[in-house]
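# Summary of the model geometry
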Amino acid sequence: MPEIAEVARIVHFLRLHLVGKKIASASAIDDGNVFGKVGTSGAAVESALKGKKVVSAGNQGKYFWITLEKPPHLVMHFGMTGWVHIKGEKTAYTNYYKKMKDSDLEQWPPKFWKFHLKTEGQHAVEVAFTDARRFGRVRLVDCPGPDIRKYSPLVENGPDPVIDTDVFTEEYLRGKMKSRHVPVKALLLDQTMISGVGNWVADETLYQAMMHPEQYCDDFDDAEIAKLYESLRYVCQTAVDKLGDSDQFPEHWLFNHRWGKGDKTSSAKLPNGEKLAFITVGGRTSCYAPNVQKKSGRVVASAKVEPVKVETNADDDTKQHRKKKAAPESALPDGDGPPTKKQKKKQAKVEEEPKADLGTGRRRSARLRN
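Presented here is a report on the structure given in the accompanying data block.

Each value, and the rule that gives it
- Residues numbered from 1 in each chain as written.
- Predicted model: local features only at pLDDT ≥ 70, side-chain atom pairs only at ≥ 80, totals over all residues.
- Heavy atoms only, no water.
- Phe/Tyr/Trp six-rings, centres within 6.5 Å; stacked < 30°, edge-to-face > 60°.
- Helix = DSSP H or I, 4+ residues; strand = E, 2+ residues; numbered from the N terminus.
- Buried < 20%, exposed > 50% of the residue type's maximum accessible area, 1.4 Å probe, protein only.
- Pairing = 2+ DSSP bridges.
- Axes fitted to C-alpha atoms, helices over the stretch in contact; angles between N-to-C directions.
- Contact = heavy atoms within 4.5 Å.
- Parallel < 35°, antiparallel > 145°, perpendicular 65-115°, else oblique.
- Left-handed = near helix turned anticlockwise from the far one by under 90°.
- Nonpolar A, V, L, I, M, F, W, Y, C, P; charged D, E, K, R; others polar.

### Examining the packing of aromatic side chains
Applying the stated criterion across every chain yields a total of 12 aromatic pairs. Ring geometry for Phe78 and Phe129: centres 6.0 Å apart, planes at 25°, overall stacked. Within this pair, whereas Phe78 is found in the loop between strand E4 (73–77) and strand E5 (82–86), its partner Phe129 is found in strand E7 (residues 126–131), the two being separated by 51 residues in sequence. Each member of the pair, Phe78 together with Phe129, is buried. Ring centres 6.4 Å apart and planes at 40° place the aromatic pair Trp200 and Trp253 in the tilted group. With Trp200 in helix H7 (residues 199–209) and Trp253 in the loop between helix H8 (222–241) and strand E9 (277–281), this pair connects stretches of sequence that are 53 residues apart. In this structure Trp200 comes out as buried when scored by relative accessible area, which is 5%. In this structure Trp253 comes out as buried when scored by relative accessible area, which is 0%. Taken together, the aromatic side chains of Phe64, Phe78, Trp83, Phe115 and Phe129 make up a single cluster linked through ring pairs.

See below:
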């Protein structure tokens, strides 16, 4: 699922190629999921885009938008497989295009398009929103462009850890952690708390902070919270600065080595020799390094640990870049509407679990650094 860095990448391309141009034509299909579930239609999106000048593009966590010269404006969410393509530009990372057939690369509009547009002028720009699995959302928001973040769905989401540094402070994070009783991984994934953090960003942050993903967030002391804040800012800022291009991520990051669960050609170790494992609770799977991310307080009693045992001499490129289908991120909503009954039930079970049954309460005795 595209997270904070991938969304920032798309906004970079929209600002570079679309902002300031007038839309000459637009087409959209009537997809009841992508448009219908957020109260609009393909026809309404077409009408909103045609003949309008694009004034700005922005992002908040996993959401992004384009504001037009007059409302309504488009606010978008990629869901699991959504993406924005610009004809003649490689808006995705390199490996994405390596996996595509030549015929698919040449096709326009791209496969699985939901809407596409073309600007006026001799050097016209063509943009398309695609989504194979149809979990993405494209909605129209009728409000003044500069105030778009004051309106739903953006207003219901937490601060962006890169853009909103005036709000997302160490004190803000400490307050949220002390007022909740959920696993720290679940807190990081809750888009009402922090915008833009998905599965890989949360796992990377917790690895850098040397925190166990299923330890309860209200059991960390101030020093640990300060380290978590520093790590989250570092991971998010670095990923955004690299525009989500994983080939440019630091080699020591967990990200480069986390994709081999169940893969016999994959390494089970980080470059520093630390072994990786997976832990699952409430339908949420985390990759972590057990010898680094030790428990310093109570953890969810129902967590299921799945160690990675396979170690091979597979080619480094295979080990570092093999991507597997993402596991479900969280029982929490990811910011696109209210949680379902199933999500509420899972989260309530975690929050109401008796404290007496959880963990050993032992403090961390040592920490290993990269």
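### Overview of the pairing of E9
Consecutive side chains of a regular strand alternate in pointing toward one face of the sheet and then the other. Counting buried positions along E9 gives 5 out of 5 residues, so the element sits mostly inside the fold. Here E9 runs beside strand E10 (residues 284–288); their pairing, made up of 5 bridges, is antiparallel. By the bridge assignment for E10, Ala277 is matched with Tyr288.

### A few points about the sheet that holds strand E2 (residues 54–60)
Taken together, 4 strands build an open sheet; the order of strands is E2-E3-E4-E8 and the sheet is antiparallel. Across the chains shown, the open sheet's two edge strands, defined by having one partner strand only, are E2 and strand E8 (137–141). Ignoring strand direction, the axes of neighbouring strands in this sheet form an average angle of 20°. Here E2 pairs with strand E3 (residues 63–68) via 6 bridges, running antiparallel. Looking at the pairing, Gly58 lines up with Trp65 of E3. With respect to the sheet, helix H1 (residues 4–17) is in contact with E2 and E3, its orientation differing from that of E2 by roughly 170°. Along the sheet, helix H2 (residues 42–49) contacts E3, E4 and E8; its crossing angle with E8, the most-contacted strand, is approximately 55°.

### Brief notes about the packing of helix H5 (residues 170–178) against H8
Contact geometry for H5 and H8: axes closest at 10 Å, N-to-C directions at 120°. Here H5 lies oblique to H8, going by the angle between them. Crossing hand, H5 versus H8: right-handed. On the side of H5, the interface is formed by Glu170, Leu173, Arg174, Met177 and Lys178, while H8 contributes Asp222, Ile225, Ala226, Leu228 and Tyr229. Among the residues making up the contact of H5 with H8, the classes are represented as 6 nonpolar, no polar and 4 charged.

Nothing here speaks to function; it is geometry throughout.
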